Amino acid sequence: MTATTFDLRRPAGRFVLGALAHIGRLSLLVAEMIRGLSEVRIWFPLAMTEAWKVGVGSIPIILLVAGFAGAVTALQTGYQFSGNIPYYVAGSLIVESVVLELGPVLTGLILAGRIGARYAAELGTMRVTEQIDALETLGRSPASHLIVPRVLAGLVMIPALTVIANVTGIISGWVAVQAVLPVTDYDFTYGARFFWRPFDAYYSVIKGFSFAVCITVTSCYFGFSTEQGAEGVGKSTTGAVVASCVMILLLDTLLAKLLLH
Amino acid sequence: MIEIHGVKKRFGQQVVLDGVDFVVQDGETVALLGPSGTGKSVLLKHIVGLIRQDSGVVKVDGKEVARLKREELRALRSTIGYVFQNGALFDSMTVFENIRLGITDEAKYRDMEYCRERVAKCIALVNLAPETADKYPAQLSGGMRKRVGISRAIAGSPKYLLYDEPTSGLDPVNSDIIDDLVKSLATELGVTSIMVTHDVRGAFRVADRLALLTSGRIVQQGTPKEFMASTVPEVREFLERDFGNITFAA
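Each chain carries its own residue numbering, running from 1 in the written order of its sequence. To label them, take the chains in the order written and letter them from A, then take the ligands in the order written and number them from 1. Totals for whole chains, interfaces and linings use every residue, but because this is a predicted model, local features are given only for residues with pLDDT of at least 70 and side-chain atom pairs only at 80 or more, for both listing and counting. The basis for the side-chain values is all heavy atoms of the structure; hydrogens and waters are excluded.

Draft legend 1. Quick look at the overall build of chain B. Put simply, DSSP marks the helices as runs of H or I at least four residues long and the strands as runs of E at least two long, and each gets a number from the N terminus on. The helix and strand inventory of chain B stands at 10 helices and 10 strands. Relative to the 2.2 N^0.38 estimate, which gives 18 Å for 250 residues, the radius of gyration of chain B is 18 Å and therefore close to what a compact globule would have. Summarising its shape, the C-alpha atoms of chain B cover approximately 55 × 55 × 35 Å along the three principal directions. A total of 250 residues make up chain B; the buried ones form 52% of that total. The contact criterion used throughout is that any non-hydrogen atoms of two residues lie within 4.5 Å. Here the contacts in chain B between residues at least 6 apart in sequence split such that 64% fall between residues at least 24 apart. Values of the radius of gyration come from C-alpha atoms, whereas the globule rule sets the reference at 2.2 Å times the count of residues to the power 0.38. Throughout, exposure labels follow a simple rule: accessible area from a 1.4 Å probe, protein chains only, divided by the maximum for the residue type, with under 20% read as buried, over 50% as exposed, and the rest as partly exposed.

So, in structure tokens, the structure goes:
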């Protein structure tokens, strides 16, 4: 009994120490980032390039995923409809599902893979090939050259992509629902407006922004703290994507509780 | 002047530096020799403040590196050119942009006319063709990448040049070219240089003084002649490979 207690304490202690070390390093990175914000001349053009790469480059996958998500929601709505529910409810259901949940969460998860993996792999490779050390020896701040542009590009583009995903999901849901139910355009738009609150749109963008913070800061942190060659880059990339996805799901629940109730 | 006194550094359980004492006078070219994994590069990184020692003192121009504030460290780093083992070139930038980043004076960095002239001069100093400026690091050979790394390090007209294994992975001809370059830069630019290497032959060709780092300590330092005359077993063992009798395999 004593031996079991002893065995459990050690890994638990190591876990706590490890977690505290991560929090400490992450806080230092965020502090560096805030300090790097003052070098606008350096990060602004880099952020523009980064925004173009991560934003425009992500549009096709976002259109694809949101399009299918909206269509599937519509088809399943049709499957669950019984005779005594008014058809306009389909419009409310699809629009609210897409705007409140599917649009921001699917966008977040897809971009955690696309942008998060990209950031972690890029920065990780730069770390193991000493490019980050080189920047420091040249008296330049890695935060303003590498982290600030990436984080800001993500903070602008991910909420924007969330809005694009919402619009795409609603349009595809609108088209798809008419294939399975006799819902007219009037029914759909009436239903969409019936339960609509302007806060729903803000909530969706707030979620997109929160997920953007998670994805960009987490992946930059993982990339920045990469160690030990190609294997380390692989580990950081996987870690960044997994951590971002878990944080997105946790935040999704937390925001629903905090902002919708 | 670079002064290193009683520097100790460990990573986890592994002791890398165990009380290193080492001084480099202004204008000197010193080769820091030692087997792989003995902490030569770690020692070099202490000088630019990339790594902090557990104990001991590292001073550059009388300033204790570990105690410098952010801006002071930045200013110090602008006086030091660091040549990384594999170049550490930014692969998303052209050679021109890489070398331009080495111009540490912000006003000069923003002056494109100055930058073009300076980059062209640095490229010429390391014997590269002018058209190399438009290429990306991936389009260059290993030797060319090293020379671009040296170009970037000298672009800011540093007072000190630190070379981390500048000839590793190069064939003997290219190694000689880099060695000659290190020597000529020391003479032409009047910089103080530290060259980390395990190429004994190259070190003897280039350095005014040599030091041997093994088991975390400097076991011998002196002029090439003093080094050759040393009776320290680690030095003899190290020199034997390059200056001993050749035994043929068949």
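Draft legend 2. Here's a closer look at the packing of aromatic side chains. Residue and element names in this part refer to chain A. Here is the rule: rings of Phe, Tyr and Trp (six-membered ring for Trp) pair when centre to centre is within 6.5 Å. Planes less than 30 degrees apart are stacked, more than 60 are edge-to-face, and the remainder are tilted. Evaluation of the coordinates by the stated rule reveals 12 aromatic pairs over all chains. A ring pair is formed by tryptophan 174 and phenylalanine 188, whose centres lie 4.9 Å apart and whose planes are at 10°; its orientation type is stacked. Of this pair, tryptophan 174 sits in helix α5 (residues 142-180) while phenylalanine 188 sits in helix α6 (residues 185-194), placing them 14 residues apart in sequence. A connected cluster of aromatic rings, assembled from ring pairs, spans Tyr88, Tyr186, Tyr190, Phe194 and Phe195. Its end group placed over the ring of tyrosine 119, arginine 150 keeps NZ or CZ at 5.8 Å from the ring centre. Counting as a charge over the ring demands two things of the Lys NZ or Arg CZ atom: a distance within 6 Å of the ring centre and an angle within 35 degrees of the ring normal.

Draft legend 3. Spatial organisation of helix α6 (residues 142-154) of chain B. Any helix carries an expected span of 1.5 Å times its number of residues minus one. With 13 residues, α6 of chain B should cover 18 Å at 1.5 Å per step; its first-to-last C-alpha distance of 19 Å lies within 8% of that length. Burial of α6 of chain B is extensive: 10 of the 13 residues sit out of reach of the surface. Looking at α6 of chain B, one finds that the buried residues are Gly143, Lys146, Arg147, Val148, Gly149, Ile150, Ser151, Arg152, Ala153 and Ile154 of chain B. Of the surrounding elements, those touching the buried residues of α6 of chain B are α4 (131-137) of chain A together with β6 (80-83), α3 (95-101), α5 (112-125), β7 (160-164) and α7 (172-189) of chain B.

Draft legend 4. View of the sheet that holds strand β3 (residues 29-33) of chain B. All names here are of chain B. One bridge is not enough; two strands pair if DSSP finds at least two bridges between them. Strand order in this open sheet of six strands is β6-β7-β8-β3-β9-β10, and the pairing throughout is mixed. Two strands in the sheet have a free side with no partner beyond their single neighbour: β6 and β10 (217-222). Averaged over all pairs of adjacent strands, the angle between strand axes in this sheet comes to 15°, irrespective of strand direction. Relative to strand β8 (residues 192-197), β7 runs parallel, the two being bridged by five bridges. Counterpart to aspartate 164 in the pairing with β8 is valine 196. Taken strand by strand, helix α1 (residues 40-47) contacts β3, β6, β7, β8 and β9 (209-214), and its axis lies near 155° from that of β8. Every axis corresponds to a line fitted to the C-alpha atoms, with the helix fit spanning only the stretch in contact, and the corresponding angles, defined between N-to-C directions, vary from 0 to 180 degrees. Lying over the sheet, α6 contacts β6 and β7, oriented at roughly 170° with respect to β6.

Draft legend 5. View of the nonpolar core. Joining through side-chain atoms within 4.5 Å is the link that ties buried Ala, Val, Leu, Ile, Met, Phe, Trp, Tyr and Cys residues into a set, and such a set is a nonpolar core. The biggest cluster of nonpolar side chains holds 110 residues, and the ones touching the most others in it are Ile2, Ile4, Phe22, Ile47 and Leu162 of chain B. With 10 residues, the top contributor of residues to this core is α5 of chain A. Other than its neighbours up to four places away in sequence, isoleucine 47 of chain B contacts Ile2, Ile4, Val58, Val60, Val65, Leu76, Ile80, Leu162 and Ile194 of chain B. Within the second largest apolar cluster, 16 residues are counted, among which are Val99, Ala176, Leu181 and Ala192 of chain A.

Draft legend 6. Just the side chain of threonine 167 of chain B, in detail. Residues and elements named next belong to chain B. As for its position among the elements, threonine 167 is in the loop between β7 and α7. Its relative accessible area of 7% is what places threonine 167 among the buried residues. Threonine 167 has contacts with Lys146, Ser175, Ile178, Asp179, Thr197 and Asp199, leaving out every residue within four places of it along the chain.

Draft legend 7. Structural context of the interface of chain B and chain A. In this complex, chain B contributes 22 residues to the contact, which on the side of chain A involves 18 residues. As used here, buried area is the combined drop in accessible area, with a 1.4 Å probe, of two parts when they are placed together. Approximately 1800 Å² of surface area, both sides summed, lies buried where chain B meets chain A, with 51% of it carried by carbon and sulfur atoms. When the buried surface of chain B facing chain A is broken down by residue, Arg70, Arg74 and Phe90 of chain B rank first, second and third, together holding 29% of it. We define a salt bridge as a side-chain nitrogen of Lys or Arg found within 4 Å of a carboxyl oxygen belonging to Asp or Glu. Joining chain B to chain A, the criterion identifies six salt bridges. The residue arginine 77 of chain B makes a salt bridge to glutamate 136 of chain A at a minimum N-O spacing of 3.7 Å. Any pair of N or O atoms that falls within 3.5 Å is considered a polar contact. Within protein, one atom must be able to donate a hydrogen and the other to accept it, and sequence-neighbouring residues count only if both atoms are side-chain atoms. Taken together, the connections running from chain B to chain A amount to nine residue pairs in polar contact (both at pLDDT 80 or more). Of all the secondary structure elements, the ones that give two or more residues to the side of chain B that touches chain A are α2 (70-77), β6 and α4 (106-110) of chain B. Classification used: nonpolar for Ala, Val, Leu, Ile, Met, Phe, Trp, Tyr, Cys and Pro, charged for Asp, Glu, Lys and Arg, polar for all others including Gly. Within the side of chain B that touches chain A, the residues separate by chemical class into 11 nonpolar, three polar and eight charged.

Draft legend 8. Focus on the sheet that holds strand β4 (residues 55-60) of chain B. All names here are of chain B. Taking strand neighbours across the sheet as the criterion, the four strands line up as β2-β1-β4-β5 in an open arrangement whose pairing is antiparallel. Strand pairing shows two members of the sheet lacking a second neighbour, β2 (14-24) and β5 (63-64), which therefore form its edges. Strand contacts of α1: β1 (2-11), β2 and β4, with the helix running at about 120° to β1, the strand carrying the most contacts.

Draft legend 9. Representation of unusual backbone geometry. The backbone of glutamine 228 of chain A sits at a positive phi, close to 60°, despite the residue not being glycine. Residue position: glutamine 228 of chain A is located in the loop between α7 (198-224) and α8 (229-260). We classify glutamine 228 of chain A as exposed; its relative accessible area is 68%. Its identity as a non-glycine residue notwithstanding, serine 215 of chain B has a phi of 50°, on the positive side.

Draft legend 10. Molecular detail of the pattern of salt bridges. For the structure shown, the criterion picks out 24 salt bridges over all chains. A salt bridge links arginine 35 of chain A to glutamate 32 of chain A; the nearest nitrogen and oxygen atoms lie 3.0 Å apart. In this pair, arginine 35 of chain A and glutamate 32 of chain A both sit in helix α1 (residues 2-36), three residues apart, roughly one turn of the helix. Salt bridges here are not isolated pairs; linked through shared partners, they connect Asp176, Asp179, Asp180, Arg201 and Arg205 of chain B.

Draft legend 11. Broad picture of the packing of α5 of chain A against α7 of chain A. Residue and element names in this part refer to chain A. Following both chains from N to C, one finds α5 and α7 inclined at 150°, their axes separated by 8 Å at the closest point. Comparing the axis directions of α5 and α7 gives the class roughly antiparallel. Between α5 and α7 lies a crossing whose hand is right-handed. Here Pro142, Ile147, Arg150, Val151, Gly154, Leu155, Ile158, Pro159, Thr162, Val163 and Asn166 of α5 lie close against α7, whose contacting residues are Ser204, Val205, Gly208, Phe209, Ala212, Val213, Ile215, Thr216, Val217, Cys220 and Phe224. With respect to orientation, any angle under 35 degrees is reported as roughly parallel, any angle over 145 as roughly antiparallel, any angle of 65 to 115 as roughly perpendicular, and every other angle as oblique. Whether a crossing is left-handed or right-handed is set by the direction in which the near helix is turned from the far one by less than a right angle, anticlockwise for left-handed and clockwise for right-handed.

Draft legend 12. Fine view of a nonpolar patch on the surface. Residues and elements named next belong to chain A. Residues with no salt bridge and a relative accessible area higher than 30% make up the patches, which join like charges within 9 Å and nonpolar side chains (Val, Leu, Ile, Met, Phe, Trp, Tyr) within 5 Å. Per-residue and other accessible areas were derived by the Shrake-Rupley procedure at a 1.4 Å probe size, with only the shown protein chains allowed to occlude residues. Nonpolar side chains collect at one region of the surface, where Phe199, Tyr202, Ile206, Leu254, Leu258, Leu259 and Leu260 lie side by side and expose about 640 Å² of accessible area between them. For the nonpolar patch, the elements supplying multiple residues, two or more each, are α7 and α8. Structurally, leucine 260 can be placed in helix α8.

As far as function goes, none of this settles anything; it's purely spatial.
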